[in-house]
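Coordinate analysis (summary)
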Amino acid sequence: MKKISRETTLKEIFKTPVGHDILAKVLYSVGISSSLIEKTMFGNLKLGSLTKITLGKLNDSFIDELLTLLNSEKDVPTSGGEITRKWWKEAVIYQIYPRSFKDSDGDGIGDINGIIEKLDYLKDLGVDAIWCSPIYDSPNDDNGYDIRDYHKIMREFGSMEDFDRLLDEIHKRGMRLIMDLVFNHTSDEHEWFQDSVNNPNSEYRDYFIWRKGKGEGIPPNNWESIFSGSAWNYYPQRDEWALHLFSKKQMDLNWENLKVRNSLYDITNWWLEKGVDGFRLDVISFISKQDGLPDGHELIGTLMGFKGVEHYFYGPRLHEFLHEFRENSFGKYDAFTVGECQGTGIEMSRLMTEDVRGELDVVFSFDHIVNPGKTPYSDCSFDLRPMAKNLEEWQTQYGNHCWPTLFVENHDVPRMISKVDKTNRYKNEIAKLIATMLLTLKGTPFIYQGQEIGMTNCDFENVSELHDVQSLRFYKKLVKDSTKEDKAFRTVLNGTRDHARTPMQWDSSLNAGFTTGEPWIKVNPNYTSINAQLQETSKTSILNFYRELIKLRKSNPALIYGEFIRAHDSKNSFSYFRKLGDDTLFIEMNLTNRTVTRKSSTDKFKLLSSNYATTLKTKLRPYEANIYRCP
Ligand code: GLC
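Before going into details, it helps to say that this report is about the structure given with it. (Residues numbered from 1 in each chain as written. Predicted model: local features only at pLDDT ≥ 70, side-chain atom pairs only at ≥ 80, totals over all residues. Heavy atoms only, no water.)

1. Concerning the overall build of the chain
Put simply, the rule is: To qualify as a helix, a DSSP run of H or I must reach at least 4 residues; to qualify as a strand, a run of E must reach at least 2; elements of each kind are numbered from the N terminus. What the globule rule says is 2.2 Å times the number of residues to the power 0.38, and the radius of gyration is computed from C-alpha atoms. Here the term buried applies to any residue with accessible area under 20% of the maximum for its type, exposed to any over 50%, and partly exposed to those in between, with areas from a 1.4 Å probe on protein chains only. Note on definitions: a residue-residue contact is assigned when non-hydrogen atoms from the two residues lie within 4.5 Å. Per-residue and other accessible areas follow the Shrake-Rupley method at a 1.4 Å probe size, with only the shown protein chains counted as cover for residues. For this count, His and the chain ends are skipped, Lys and Arg are scored as positive, and Asp and Glu as negative. In plain terms, the charge of a residue is placed at NZ if it is Lys, CZ if Arg, CG if Asp and CD if Glu.
In terms of helices and strands, the chain carries 23 helices and 22 strands. Against the globule reference of 25 Å for 631 residues, the chain gives a C-alpha radius of gyration of 24 Å, in line with a compact fold. In terms of overall dimensions, the chain has a C-alpha envelope of 75 × 65 × 55 Å along the principal axes. Out of the 631 residues in the chain, the part that is buried amounts to 61%. Within the chain, contacts between residues separated by at least 24 positions form 69% of all contacts whose residues are at least 6 apart in sequence. Carbon and sulfur atoms form 50% of the exposed surface of the chain, whose accessible area is close to 25,000 Å². In the chain, which carries 81 positive and 90 negative side-chain charges, the distance between the mean positions of the two groups comes to 7 Å.

Laid out in structure tokens, this is it:
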């Protein structure tokens, strides 16, 4: 690939994987379509001219940073070819956040035996595989994403015998288990880290990212933690600083060290030997850091929310590490992998997931779940239209060698129906529209626990009800920066991850049937009206809607492997065909809370599913979502 310079035009840059994703991201964040680059004069601008056009806002040093990043990638994705069929392309995956799923022993914390009790519920729903958030031994600074011992089960969750039984019971039901591996960092209580700090002769001395400070009390660089504050802790025992991109107790591993990598592959193989079927790889795109750990650029830091990110979100050895990881572990077992990749767009993700490259199977990318120009903490209603546009781009541009993931919720984000409509007026319609979207687009759908019954955000009343380390640190930062406490709480409440972590609402009994004890986190008081048991028997419930759509997807290969064809351009609705051989389905959705006119007739189509009792001839009501078979 030609070296990119200040003289290269935006159009040319847009043709490169990194250039494409960065420009698309910048334009998306200001609500502009990237077709502007391809189709208008704007594309002929030279990179260097951006400083002038933006009146110096994008300054020379910004362009320098950009150039380093743009020239860091030499490869380009391939295109064309047939889709290879795989079990995980046909699967519906359900995410369990074990702490909040089902408590079997009354200690107020969900556990493995609780999960086993509910496996039949998941099987009935139509789930093929379960992704379970971390269940390893952990001091729980970040609810298990800070692992102290990768070979041990967290005491509150049960024992290794319980785990073996869980795996067995999942397999007996014909389902699969996907574990969550956190390998960007370990807990500071992990023996590697403890030894690395305290033992000058430790074999783990170089297992973490240690650096000298820039002076007394001054960290090695200006990187900020994603959970607020500096990304460095000082340890007087070594008179050195250790990097933590997340909480102060989540210490980044040094992937440059081959011994570290081999230790991680050994852990992975140990779980594979037990028979687990795959892994969700936590923040895996952050594992390779730029040599020399240079200071982060101020402007990029302001745009992205934390300084330094350009030096590790798509680091120089990322592909090499991912490839090596696959070769040495999951590739040998044909295990499935989904990588959590924050900040990478379509083209960079293609380079991580194309089947020919032997890296990951699929990735989670997040642009679609935050509206352009907003942050997760913005006080606004979520607009489904840009999300649909973003998903459509993945449908049409990701290529047949790659496979998208489809999700709108997980344990890190508030509940989608509350984001869209704070009044809850259309909560059933929205929940079913989301189900329609996830189960009719191309890609592997991931359903987050409670999404299938339409769980909503929780009305936490004050900061003492919050538990999430990220929310609490952000709250402290806001208050420290002189935001009034009440305002700080309201801001945190918009985006707190705790919304997704309230206990699963099983029935109308005490604590939503989650625990007989004192729940570790507030139960959403709406559990008496939103719960799985109530929805079991209601034909029109969200739960039964999910069941029906999962069945529909499985009995219609066109919904899995069919080509995605956009029906027509419309600002407010999203309609498309899925076509495989002679079989064609048509899906239409109104993405707004207003009635809109249908763009083309569906008279000749046979209605298979709708989130309204009847359909109208020419109109789509608020959030209406229908699926038809075409003759
Ligand atoms: C991922 C997890 C999140 C965790 C973070 C650090 O984003 O999903 O819950 O806090 O990584 O491990």
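Next comes the rest of the account.
2. Some words on the layout of surface pockets
Operational definition: Residues are called lining when one of their atoms sits within 4 Å of a cavity or pocket point, these points coming from a 1 Å grid over the protein atoms alone, where a cavity is a set in which a 1.4 Å probe fits but cannot get out and a pocket is an open set with protein on both sides within 12 Å along at least five of seven lines. Grid points are joined across faces, edges and corners, and a volume is the space filled by probe spheres set on the points. Residues are sorted three ways: Asp, Glu, Lys and Arg are charged, Ala, Val, Leu, Ile, Met, Phe, Trp, Tyr, Cys and Pro are nonpolar, and all the rest, Gly among them, are polar.
Volume-wise, the second largest pocket comes out at about 740 Å³. What lines the second largest pocket is a set of 34 residues, among which Ser 33, Ser 34, Lys 389, Asn 390 and Glu 393 lie closest to the centre. For the lining of the second largest pocket, the secondary structure elements donating two or more residues are helix 2 (17–29), helix 3 (35–39), helix 16 (384–397) and strand 17 (573–580). Among the elements that take part in the lining of the second largest pocket, helix 16 stands out by supplying ten residues, more than any other. Along the lines of polarity and charge, the residues of the lining of the second largest pocket split into twelve nonpolar, eleven polar and eleven charged.

3. Things to note about the site of the ligand
As a reminder of what qualifies: Think of it this way: one heavy atom of a residue within 4 Å of a molecule or strand is enough to make that residue near it. N or O atoms closer than or at 3.5 Å make up a polar contact, with two conditions inside protein: a donor-capable atom paired with an acceptor-capable one, and, for residues adjacent in sequence, both atoms drawn from side chains.
By nearness alone, 15 residues border the ligand, and Asp 142, Asp 282, Glu 340, His 411 and Asp 412 come closest of all. Separating an oxygen atom of the ligand from a side-chain N or O atom of His 185 is a distance of 2.9 Å. Between the ligand and His 411, the relevant distance is 2.8 Å, taken from an oxygen atom to a side-chain nitrogen or oxygen of the residue. The protein chains hide 98% of the 300 Å² of surface that the ligand would expose on its own. Tallied by class, residues from the shell around the ligand come to four nonpolar, four polar and seven charged.

4. Re the pattern of salt bridges
Cut-off, in case you're wondering: By definition, a salt bridge exists where a carboxyl oxygen of Asp or Glu is found within 4 Å of a side-chain nitrogen of Lys or Arg.
In this structure the tally under the stated criterion is 50 salt bridges. Note that Asp 162 is salt-bridged to Arg 165, the shortest N-O span being 3.7 Å. Within this pair, Asp 162 and its partner Arg 165 are both found in helix 9 (residues 160–172), separated by three residues, close to a single helical turn. A relative accessible area of 38% places Arg 165 in the partly exposed class. Between Glu 461 and Lys 522 there is a salt bridge, with its nearest N and O atoms 3.8 Å apart. Here Lys 522 lies in the loop between helix 20 (485–495) and helix 21 (532–537) and Glu 461 lies in the loop between strand 15 (444–448) and helix 19 (469–480), a separation of 61 residues in the sequence.

5. As for unusual backbone geometry
The backbone phi angle of Asp 239 is positive, close to 50 degrees, even though this residue is not glycine. Its location among the elements puts Asp 239 in the loop between strand 8 (232–235) and strand 9 (240–243). Even without a glycine there, the phi angle at Asn 511 is positive, about 55 degrees. Relative to the helices and strands, Asn 511 is located in the loop between helix 20 and helix 21.

6. Re the pairing of strand 12 (residues 336–340)
Under the convention used in this document: The pairing criterion is simple: DSSP has to find at least two bridges between the two strands. With its strands directed away from the observer, a crossover is right-handed exactly when the path from the first strand over the helix to the second travels clockwise.
In terms of residue burial, strand 12 counts as a mostly covered element, since five of its five residues are buried. Burial along strand 12 is two-sided: the face carrying Phe 336, Val 338 and Glu 340 and the face carrying Thr 337 and Gly 339 are both buried. Across four bridges, strand 11 (residues 278–281) lies against strand 12 in parallel orientation. Its bridge partner being in strand 12, Phe 279 is matched across the sheet by Thr 337. In the sheet, strand 12 pairs with strand 13 (residues 362–364) via three bridges, with the strands oriented parallel. Bridging from a neighbouring strand, Glu 340 pairs with Phe 364 of strand 13. One crossover worth recording links strand 12 to the parallel strand 13 by way of helix 15 (residues 346–353), and it is right-handed.

7. Focus on the nonpolar core
Within soluble globular proteins, side chains that are nonpolar generally end up buried alongside one another. Our working rule: The criterion is simple. A nonpolar core is a set of buried Ala, Val, Leu, Ile, Met, Phe, Trp, Tyr and Cys residues joined through side-chain atoms within 4.5 Å.
Counting residues in each nonpolar core, the largest one holds 193 residues, and the members touching the most others are Tyr 94, Phe 163, Trp 255, Trp 271 and Ile 434. The element contributing the most residues to this core is helix 18 (residues 427–440), with eight residues.

8. Some details on the packing of helix 9 against helix 11 (residues 258–274)
How we decide: Lines fitted to the C-alpha atoms define the axes, with helices restricted to the stretch that makes contact. Angles between their N-to-C directions range from 0 to 180 degrees. Note on angle classes: values under 35 degrees are labelled roughly parallel, values over 145 roughly antiparallel, values of 65 to 115 roughly perpendicular, and the remainder oblique.
Two elements in contact, helix 9 and helix 11, have axes separated by 11 Å at closest approach and are oriented at 60 degrees. Considering the angle they form, helix 9 stands oblique to helix 11. Along its contact with helix 9, which presents Met 160, Phe 163, Asp 164 and Leu 167, the element helix 11 presents Trp 270, Trp 271 and Lys 274. Among the residues forming the contact of helix 9 with helix 11, the class breakdown is five nonpolar, no polar and two charged.

9. What to know about the sheet that holds strand 22 (residues 625–629)
In spatial order, the strands read 16-17-18-22-20; together these five strands make up an open sheet with antiparallel pairing. Single-partner strands in this sheet number two, and they are strand 16 (563–566) and strand 20 (606–610). In this sheet, neighbouring strand axes are inclined to one another by 25 degrees on average, regardless of whether the strands run parallel or antiparallel. Two strands pair when backbone bridges link them, and strand 18 (residues 583–590) and strand 22 are joined in this way by five bridges, in the antiparallel orientation. Looking across to strand 22, one finds that Met 589 is bridged to Ala 625. Packing of helix 16 onto the sheet brings it into contact with strand 16 and strand 17, and relative to strand 16 it is tilted by some 135 degrees. Packed on one face of the sheet, helix 18 meets strand 17, strand 18 and strand 22 and runs near 150 degrees to strand 18.

10. Comments concerning the sheet that holds strand 8
Pairing in this open sheet of three strands is antiparallel, and the strands run 7-9-8 from one edge to the other. Lying at the two open borders of the sheet, with one neighbouring strand each, are strand 7 (210–211) and strand 8. Judged from the two bridges that link them, strand 7 and strand 9 form a sheet pairing that is antiparallel. When the bridges of strand 9 are listed, Trp 210 appears paired with Ala 242.

11. Quick word on the state of the cysteines
This is how the line gets drawn: In this description, a disulfide is simply a cysteine sulfur pair whose atoms lie within 2.5 Å.
Using the criterion set out here, one finds zero disulfides in the structure. Looking at the unpaired Cys 402, the closest cysteine sulfur is the one in Cys 341, lying at 12 Å. Free of any disulfide, Cys 458 has its nearest cysteine sulfur in Cys 380, 20 Å distant. What makes Cys 458 buried here is its relative accessible area of 2%.

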